[in-house]
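# Coordinates in review
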Amino acid sequence: MVSDSCKKRFGKIMMEDMELIAQEEIAPRIFSMVLKGEMVEQMLPGQFLHIRVPDDSKLLRRPISISEIDPDSQTCRLIYRVEGGGTAIFSHLPVGSFLSVMGPQGNGFDLKGLGQGARALIIGGGIGVPPLVQVAKRLHEQGVEVEVVVGFATKEAVILEEELSQVAHVTVTTDDGTYGTKGYVSTIVDQMDQEFDAIYSCGAPGMLKYVNTKFHDHPRAYISMESRMACGMGACYACVLKVPESETVSQRVCEDGPVFRTGTVVL
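An account of the accompanying structure is given in this report. (Residues numbered from 1 in each chain as written. Predicted model: local features only at pLDDT ≥ 70, side-chain atom pairs only at ≥ 80, totals over all residues. Heavy atoms only, no water.)

Moving on, we come to the overall build of the protein chain. Across its full length, the protein chain carries 5 helices and 16 strands. A buried classification covers 51% of the 267 residues belonging to the protein chain. Pairs at least 24 residues apart make up 63% of the contacts formed inside the protein chain by residues separated by at least 6 positions. A total of about 12500 Å² of accessible surface is found on the protein chain, and carbon and sulfur atoms cover 50% of it. (Helix = DSSP H or I, 4+ residues; strand = E, 2+ residues; numbered from the N terminus. Buried < 20%, exposed > 50% of the residue type's maximum accessible area, 1.4 Å probe, protein only. Contact = heavy atoms within 4.5 Å. Areas by Shrake-Rupley, 256 points an atom, 1.4 Å probe, with all protein chains shown as cover.)

Right, let's get into the pairing of strand β9 (residues 145-152). Of all 8 residues that make up β9, 7 are buried, and the element is covered over most of its length. The pairing of strand β8 (residues 119-125) with β9 spans 7 bridges and is classified as parallel. Note that in β9 the partner of I123 across the bridge is V149. Where β9 meets strand β10 (residues 169-174), 6 bridges bridge the pair, whose relative direction is parallel. Bridge pairing in β10 places E147 opposite H169. (Pairing = 2+ DSSP bridges.)

For helix α2 (residues 130-141), every residue scored as buried is listed here: P130, P131, L132, V133, Q134, V135, A136 and L139. Looking at the packing, one finds that the buried side of α2 touches β5 (62-70), β6 (75-81), β8, β9, α3 (161-165) and β12 (198-202). Following α2 by one or two positions, G143 has its phi on the positive side, about 90°.

Bringing unusual backbone geometry into the picture now. Here the residue pair G103 and P104 is connected by a cis peptide bond, since its omega of -10° sits within 30 degrees of zero. Take P104: it is sitting in strand β7 (residues 98-105). Despite not being glycine, Q74 shows a phi value in the positive range, around 55°. Its location among the elements puts Q74 in the loop between β5 and β6. Residue classification places Q74 among the buried residues on the basis of a relative accessible area of 16%. The backbone of L160 sits at a positive phi, close to 65°, despite the residue not being glycine. Inspection of the secondary structure assignment puts L160 in the loop between β9 and α3. Note on L160: relative accessible area 6%, which makes it buried.

Along the chain, I89 turns up in helix α1 (residues 85-91). Given the relative accessible area of 22%, I89 is considered partly exposed. Each C-alpha atom of the pair I89 and P54 lies 7.7 Å from the other, and the pair is 35 residues apart in sequence. Not counting residues up to four positions away in its chain, the partners in contact with I89 are V53, P54, D55 and K58.

A word on the nonpolar core. In terms of nonpolar packing, the biggest core is built from 34 residues, with I122, L139 and Y200 touching the most fellow members. Going through the elements one at a time, β8, α2, β9, β10 and β12 are the ones with two or more residues in this core. No other element matches α2, which puts 5 residues into this core. Look past the residues within four positions of I122 in its chain and what remains in contact with it is L132, V135, A136, L139, V146, E147, V148, V149 and Y200. Judged by nonpolar contacts, the second largest core, of 23 residues, contains M18, V40, C76 and L99. (Core = buried A, V, L, I, M, F, W, Y, C linked by side-chain atoms within 4.5 Å.)

So, in structure tokens, the structure goes:
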């Protein structure tokens, strides 16, 4: 249990010192981190955490998507890729370390109203796959039939296939054909003739642009954006996206997102 002195609230956002209880490298430069804290009880699929690097030379927090949520044990799993000095420091932290965490932040995926008999399509790519795991798990718990298409550069980069396969039918693509189907996720999705009640997606900009275009008019299609952030609370406007047919209106990934309905932002 984290003492009340370690917790603060900023509106709906909490700040808490969360304990690192497990960490492992699951693919080259890709790490799985499990954190424990009371904040977990407030988390929703699709939200992210803003984590302070325990190094005074690193001024900005790092936004990391929430991959799995277990309120019963007050733990959450984050999957991140080592991109620079900050995430490299995370990867070397020992179990038992405490991290200053702000969250849960952003809006999550809309999973309401989907139940027995509904069909959902999940489309993910690379490091964008992790936040979709909890989406698949939650939909499965609601009785939804879940189809997952995930793409990676090569076989060694494939992650979370086992976790997703426990709750959904999974198709994997690789750019070089070393695992699964050769090609991009669009190779599979374009061949599908089923109708889906909802679409959920997260991945590289090119993939999200494809999803945003293909499912532009779908009433329940969502894309989750990743962006460099500064404050992470919507004040600095460092992570803005344009809105269609408007030169003045913008959306902030950290505050208005990271999840957006298709057709509502310009990619």
